[in-house]
Amino acid sequence: MSKPKVAVYDFTGCEGCELQILNCEEYLLDIVGRIEIVYWREAATPPAGAPNRYDGREVVEADIALVDGGITTPHDVERIKKIREKSKVLVAMGSCACFGGINALKNDFPMEEVKRVVYGDMARHFETIPAAPMSNYVKVDYMLPGCPMVKDEFLKFFKSLLLGKTKWVLPDYPVCVECKLKENVCVFEKGMFCLGPVTRAGCGANCPSFGVGCEGCRGLVPDPNTNAALDVLTERGLTLEDAVKRMKLFCNALEPVSRLDVWTKTE
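The structure presented is a predicted model; accordingly, all values stated were derived computationally and were not measured. (Residues numbered from 1 in each chain as written. Predicted model: local features only at pLDDT ≥ 70, side-chain atom pairs only at ≥ 80, totals over all residues. Heavy atoms only, no water.)

(A) Up close: empty space enclosed by the protein. On inspection of all chains with the given rule, the structure shows two cavities of 30 Å³ or more. Considering only enclosed or pocket space, the largest cavity measures out at about 80 Å³ in volume. Lining of the largest cavity is provided by Val6, Val8, Ile21, Leu28, Ile31, Val32, Ile35, Ile37, Trp40, Leu66, Phe154 and Phe158. For the lining of the largest cavity, the element with the most residues is helix H2 (residues 26-32), which contributes three residues. When grouped by side-chain class, the residues that make up the lining of the largest cavity number 12 nonpolar, no polar and no charged. By volume, the second largest cavity is sized at about 50 Å³. Together, 10 residues line the second largest cavity, and Cys194, Leu195, Pro197, Ala229 and Leu233 are the ones closest to its centre. A total of three residues in the lining of the second largest cavity trace back to one element, the largest contributor, which is helix H9 (residues 226-235). Across the lining of the second largest cavity, the residue classes break down as 10 nonpolar, no polar and no charged. (1 Å grid on protein atoms, 1.4 Å probe; cavity = no way out; pocket = protein on both sides within 12 Å on 5 of 7 lines; lining within 4 Å. Points joined across faces, edges and corners; volume = space filled by probe spheres on them. Helix = DSSP H or I, 4+ residues; strand = E, 2+ residues; numbered from the N terminus. Nonpolar A, V, L, I, M, F, W, Y, C, P; charged D, E, K, R; others polar.)

What follows is the structure, encoded as structure tokens:
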């Protein structure tokens with residue numbers, strides 16, 4: 001039986017989610033032995049005589065496409081559509097691919113102004129569009145959120161995929177649950193801000209476990225308990241605007257995450 005063909009692509013982002021795959025270290029050898037990697041620019045050396053093989057533009061036929069980064073240019077839109085056409089399974093890796101990520105902070109400004117600030121006199125040579133998750137343009141089969149995506153979660157997901165298990169469900173509870181399981185002292189009690197009450201779990205409450213408030217990189221939990229979250233904020237003298245501003249850091253491209261009305265308290 002032939003091995004599944006796997007392609008790894010990157011768009012606008014730091015490519016940290018691809019590095020998370022490499023960080024799997026000893027487990028990576030077991031995975032590589034069961035697949036055929038047909039494209040991975042970051043982890044490959046161009047073959048002799050093929051200087052353009054890994055120039056970031058090629059799209060190949062694949063059983064599984066792992067995609068890192070957000071969509072931020074017209075070329076990105078064309079390329080992600082080609083990747084979807086040539087891939088049986090499409091996986092969004094990390095906050096940029098799932099939500100637009102840090103790049104989407106530019107969406108609050110006119111694109112011409114963004115180009116001027118970044119490129120100065122050379123702005124006319126560059127194209128840019130509001131940053132967006134790839135699901136805005138193509139059907140995404142699976143998402144592995146986080147900045148970067150969680151290594152253990154990736155391993156569990158990818159192994160299940162190789163075993164033919166097509167049902168993969170992300171945790172539907174908030175980071176606070178994982179904090180309580182670890183018996184962490186709530187960072188709110190330390191005078192810090194935390195988005196754990198409304199952020200999807202699955203990271204093992206990594207940031208709060210090291211004394212840092214959750215910044216919402218895994219996106220909103222389904223049906224967040226905004227009433228309880230607002231109560232927590234109010235008790236600590238924090239505002240609704242504080243919460244939305246923090247949530248926009250990774251999810252500014254999503255609606256209604258970046259709107260105040262999603263947090264409106266209901267009776």
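Structure shown, so let's carry the discussion forward.
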